[in-house]
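Spelled out, the chains give:
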Amino acid sequence: MEKHEQVMGEAYVDTMILRVTPFDKQIVCNGRLRAKAKIDLTFPSQGMTTEIFVHEGQRVMRGTLIASLDNRERTREVEKAEHEVYRTRVELTDKLIGLGYDADMEDVPADVMQRAEVTSGYYSARYQLQSARTALEECNLYAPFSGRIANLEARTFQRNEKICTLIDDSQFEVEFKILEAELEHIVKGQKVKVSSFAKDSVTYEGAITEINPLVDDRGLIKVTARIANTDDELMDGMNVRVVAEQRVQDMFVVPKDAVVERDGYHVIFRYEDGRAAWTYVDIVYSNINSFAITGCRRKETTIHDGDVVITSGNLNLADGTEVIIGN
């Protein structure tokens, strides 16, 4: 049956003028966020944690003190090393005076000074002092970059292998996978829109940064995009919806509600002389809100710039139904 030839009661509808416009073709995927930088913070050497200066969720700047170890033993090591440097410095001076040089050591040749430092123990003592001071400094743990504290596991007065995780969530990478057939519509630098499932009304704009040159055994290709966390609502590991857009020129674009299905075909209703005119169409592209359409190839129908298309109230329409355009 080609058309339902029936006239129903008057119906109120909304309409639009069909125009040739650009269409934002969309590829919709699910992805997962990965923070710009993430690191587990640990002390370089073991010891008892005496103080923790941060809490979970706290935002810290680079160089912020995170935690401290018991430093009493390392302080004593520094004092011991300083005494050893003083002692060997005296021995170095005595050696140089014995070689005929002044006590101020300003005129000592470099090769002579190097041998004297080694034989007096001064060279080794200085190295030990530097190592002791480094070990003392490592009793304080600082943030290597600005970010947010997560997974705070450490407890004071315990030996903790890990203190916390530091996340730079100012930007995120989002990984998603596309079908092999969709690759021709994806390029580096292409804009994407990302929204979380928890708050899908808020979108974040970004751009594609990487396309993995490998198709997996399921026919999928991994794509990476980068977005800014503009409102601090995004979190590392969050599942999100990713929409990759590509603008296609010279399309007839209608809202999705303007297209209905009849007899296994897609149909729009055009407004003609107070009645709904049944018209078969083909959907060329789709996005979240709209369809790009043409006339139906199999039914040999056409649509034209300037056609008045019914966009609402069309679910129960038939060809020839009298309609009234709403205010």
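Preceding this section is the structure that the text describes.
What this report covers is the structure whose coordinates are included nearby. Every residue gets a number counted from 1 within its own chain, in the order that chain's sequence is written. The model is predicted, so local features are restricted to residues of pLDDT at least 70 and side-chain atom pairs to those at 80 or more, both for listing and for counting; the totals for chains, interfaces and linings are taken over all residues. For the side-chain quantities, the full set of heavy atoms in the structure was used; hydrogens and water were omitted.

## A few points about the overall build of the protein
Part 1 of the argument: For helices the rule is a DSSP run of H or I covering at least 4 residues; for strands it is a run of E covering at least 2, with both sets numbered from the N terminus onward. Within the protein one finds 3 helices and 19 strands.
Part 2 of the argument: We take the radius of gyration over the C-alpha atoms and set the globule estimate at 2.2 Å times the residue count to the 0.38 power. Relative to the compact-globule value of 20 Å for 327 residues, the protein shows a C-alpha radius of gyration of 36 Å, a clear excess of over 25%.
Part 3 of the argument: Expressed as lengths along the three principal axes of its C-alpha atoms, the size of the protein is roughly 120 × 45 × 40 Å.
Part 4 of the argument: Looking at the protein alone, contacts between residues at least 24 apart form 72% of all its contacts between residues at least 6 apart.
Part 5 of the argument: Only the protein chains shown count as cover for residues, and the accessible areas themselves come from Shrake-Rupley with a 1.4 Å probe. Carbon and sulfur atoms make up 47% of the accessible area of the protein, which amounts to about 19200 Å² in all. Note on contacts: a residue pair is in contact if any heavy atoms of the two residues lie within 4.5 Å.

## Things to note about the layout of surface pockets
Part 1 of the argument: Taken as a whole, the largest pocket spans an internal volume of roughly 190 Å³.
Part 2 of the argument: Among the elements of the structure, strand E10 (191–196) and strand E13 (239–255) are those that each provide at least two residues to the lining of the largest pocket.
Part 3 of the argument: Each residue is assigned to one class: nonpolar for Ala, Val, Leu, Ile, Met, Phe, Trp, Tyr, Cys and Pro, charged for Asp, Glu, Lys and Arg, and polar for all the others, Gly among them. Residues belonging to the lining of the largest pocket are distributed by class as follows: 3 nonpolar, 4 polar and 4 charged. Lining residues are those with an atom within 4 Å of a point, where the points come from a 1 Å grid over the protein atoms alone and group into cavities, where a 1.4 Å probe fits but cannot get out, or pockets, open sets with protein on both sides within 12 Å along at least five of seven lines. Grid points are joined across faces, edges and corners, and a volume is the space filled by probe spheres set on the points.

## Focus on the pattern of salt bridges
Part 1 of the argument: Whenever a carboxyl oxygen of Asp or Glu lies within 4 Å of a side-chain nitrogen of Lys or Arg, that contact is scored as a salt bridge. In this structure the tally under the stated criterion is 23 salt bridges.
Part 2 of the argument: Overlapping salt bridges, with partners in common, bring together Arg 34, Glu 173, Glu 175 and Arg 226 in one network.

## Overview of the pairing of strand E11 (residues 204–215)
Part 1 of the argument: Paired strands, as defined in this entry, are two strands with at least two bridges between them according to DSSP. As judged from the 4 bridges shared by E10 and E11, these two strands associate in the antiparallel manner. Across the sheet, the residue bridging to Lys 193 is Glu 205, located in E11.
Part 2 of the argument: Here 6 bridges tie E11 to strand E12 (residues 220–228), and the two strands are oriented antiparallel to one another. Note on E12: the bridge partner recorded for Ile 211 is Val 223.
Part 3 of the argument: Linking E11 back to E12 in an antiparallel pair, the connection comprises 4 residues, with Gly 219 at a positive phi of about 75°.

## Here we look at the packing of helix H1 (residues 72–98) against helix H2 (residues 110–120)
How two helices pack is summed up by the angle between their axes together with the distance between the axes.
Part 1 of the argument: In the contact formed by H1 and H2, the axes pass within 9 Å of each other and the chain directions differ by 130°. Our classification of the angle between H1 and H2 gives oblique. The interaxial crossing formed by H1 with H2 has right-handed handedness. Listed contacts from H2 to Thr 88, Glu 91, Leu 92, Lys 95 and Leu 96 of H1 are Val 112, Met 113, Ala 116, Glu 117, Thr 119 and Ser 120.
Part 2 of the argument: Of the residues assigned to the contact of H1 with H2, the class counts are 5 nonpolar, 3 polar and 3 charged. Note on geometry: axes are lines fitted to C-alpha atoms, helical ones only across the stretch in contact, with angles between N-to-C directions running from 0 to 180 degrees. Convention used here: angles under 35 degrees read as roughly parallel, angles over 145 as roughly antiparallel, angles from 65 to 115 as roughly perpendicular, and any remaining angle as oblique. If you view the pair so one helix is near and one far, a crossing is left-handed when the near helix is turned anticlockwise from the far one by less than a right angle, and right-handed when it is turned clockwise.

## Examining the nonpolar core
Part 1 of the argument: Joining through side-chain atoms within 4.5 Å is the link that ties buried Ala, Val, Leu, Ile, Met, Phe, Trp, Tyr and Cys residues into a set, and such a set is a nonpolar core. Burial status follows relative accessibility: with a 1.4 Å probe on protein chains alone, a residue under 20% of its type maximum counts as buried, one over 50% as exposed, and anything between as partly exposed. Grouped together as the largest cluster of nonpolar side chains are 24 residues, with contacts concentrated most on Leu 33, Phe 176 and Ile 178.
Part 2 of the argument: Of all the secondary structure elements, the ones that give two or more residues to this core are strand E2 (20–41), strand E9 (164–179), E10, E11, E12 and E13.
Part 3 of the argument: Among the elements that take part in this core, E9 stands out by supplying 5 residues, more than any other.
Part 4 of the argument: Discounting chain neighbours no more than four positions away, the residues touching Leu 33 are Phe 172, Glu 173, Val 174, Ile 227, Leu 234, Met 235, Asp 236, Gly 237, Met 238 and Val 240.
Part 5 of the argument: Counting residues in hydrophobic clusters, the runner-up holds 17 residues, among them Cys 139, Ile 149, Leu 152 and Ala 154.

## Comments concerning the side chain of Asn 287
Part 1 of the argument: Topologically, Asn 287 is positioned in the loop between strand E16 (275–286) and strand E17 (290–295).
Part 2 of the argument: Among the residues examined, Asn 287 registers a relative accessible area of 11% and is labelled buried.
Part 3 of the argument: Polar contacts involving the side chain of Asn 287 include one to the main-chain amide nitrogen of Asn 289, which spans 3.0 Å.
Part 4 of the argument: Once you skip the residues sitting within four places of it in the chain, Asn 287 turns out to touch Phe 23, Asp 24, Gln 26 and Lys 256. Residues adjacent in sequence count toward polar contacts only when both atoms are side-chain atoms; beyond that, a polar contact is any pair of N or O atoms within 3.5 Å, and within protein one must be able to donate a hydrogen and the other to accept it.

## Comments concerning the pairing of strand E15 (residues 265–272)
Part 1 of the argument: Summarising the sheet, strand E14 (residues 260–262) and E15 pair through 3 bridges and their orientation is antiparallel. Within the sheet, the bridge partner assigned to Val 260 lies in E15 and is Val 267.
Part 2 of the argument: Count of turn residues in the E14/E15 antiparallel hairpin: 2 residues, of which Asp 263 carries a positive phi of about 55°.
Part 3 of the argument: As defined by bridge partners, E15 adjoins E16 across 7 bridges and the pair is classed as antiparallel. Its bridge partner being in E16, Val 267 is matched across the sheet by Tyr 280.
Part 4 of the argument: Here E15 hands over to E16 after 2 residues, with Asp 273 in that stretch at a positive phi of 50°.

## Re the environment of Ile 39
Part 1 of the argument: For Ile 39, the position within the fold is in strand E2.
Part 2 of the argument: When residues no more than four places from it in sequence are discounted, the contact partners of Ile 39 are Pro 144, Phe 145, Cys 164, Thr 165 and Leu 166.

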